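If you want the building blocks of each chain, they are given just below.
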Amino acid sequence: MSERAAPFYCPYCGDEDLRPSEEGPGAWECGACNRAFRLSFLGLLARGFERAQGATARPDDSEGGRA
């Protein structure tokens, strides 16, 4: 994870008192709730690629298909 990718708030308590942890890249500590957590990028979803290509409708999303 790059140094620019930083959380804006704690995922547990919602407070903004965050600081990088010494546990390694992507590790953060919350000063409000005293929790430590790690953020990591898992990858891109296939549906994100389909939406970027313009495939917005799924086969079951037909316009007048309701009876």
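Keep in mind the model is a prediction, meaning the values are calculated, not measured.

Focus: the sheet that holds strand β3 (residues 36-38)
Then, number 1: Reading across from one edge, β1-β2-β3 is the order of the three strands in this open sheet, with antiparallel pairing throughout. Only two strands of the sheet have a single neighbouring strand rather than two, namely β1 (18-20) and β3. For this sheet, the mean angle separating the axes of adjacent strands, direction not counted, is 30°.
Then, number 2: Pairing analysis gives three bridges linking strand β2 (residues 27-30) to β3, with the strands arranged antiparallel. Among the inter-strand pairings, Trp28 is bridged to a residue of β3, identified as Phe37.

Regarding unusual backbone geometry
Then, number 1: A positive phi angle is found at Asn34, which is not glycine, with a value near 60°.
Then, number 2: Of note, Asn34 is situated in the loop between β2 and β3.

Considering the nonpolar core
Then, number 1: If you look at the biggest cluster of nonpolar residues, it comprises five residues: Cys10, Leu18, Trp28, Cys30 and Phe37.
Then, number 2: Discounting chain neighbours no more than four positions away, the residues touching Trp28 are Ala5, Ala6, Pro7, Leu18, Arg19, Pro20, Ser21, Arg35, Ala36, Phe37 and Leu39.

A short note on the confidence of the model for the chain
Caution applies to low-pLDDT regions: their predicted coordinates should not be interpreted in detail.
Then, number 1: Put simply, the chain has an average pLDDT of 80, and 64% of its residues get 70 or more.
Then, number 2: Of all secondary-structure elements in the chain, the lowest mean pLDDT belongs to helix α1 (residues 46-52), at 67, while β2 reaches the highest, 96.

Criteria and cut-off values
Residue indices begin from 1 for each chain and proceed along its sequence in written order. Since the coordinates come from a predicted model, pLDDT governs what is reported: local features require at least 70, and pairs of side-chain atoms require 80 or more to be given and counted, while whole-chain, interface and lining totals use all residues. Only hydrogens and water are set aside when side-chain values are computed; all heavy atoms of the structure are taken into account. Each pair of strands is called paired provided DSSP finds at least two bridges between the two strands. Secondary structure is summarised from DSSP: a helix means a run of H or I of at least four residues, a strand means a run of E of at least two, and numbering begins at the N terminus for each. With axes taken as lines fitted to C-alpha atoms, and helix axes fitted only over the stretch in contact, angles between N-to-C directions fall between 0 and 180 degrees. Buried residues of nine kinds, namely Ala, Val, Leu, Ile, Met, Phe, Trp, Tyr and Cys, make up a nonpolar core once their side-chain atoms join them within 4.5 Å. Type-normalised accessible area, obtained with a 1.4 Å probe on protein chains alone, sets the label of each residue: buried when under 20%, exposed when over 50%, and partly exposed for intermediate values. Any two residues whose heavy atoms approach within 4.5 Å at even a single point are treated as in contact. Confidence of the prediction at every residue is given by pLDDT, a number between 0 and 100.

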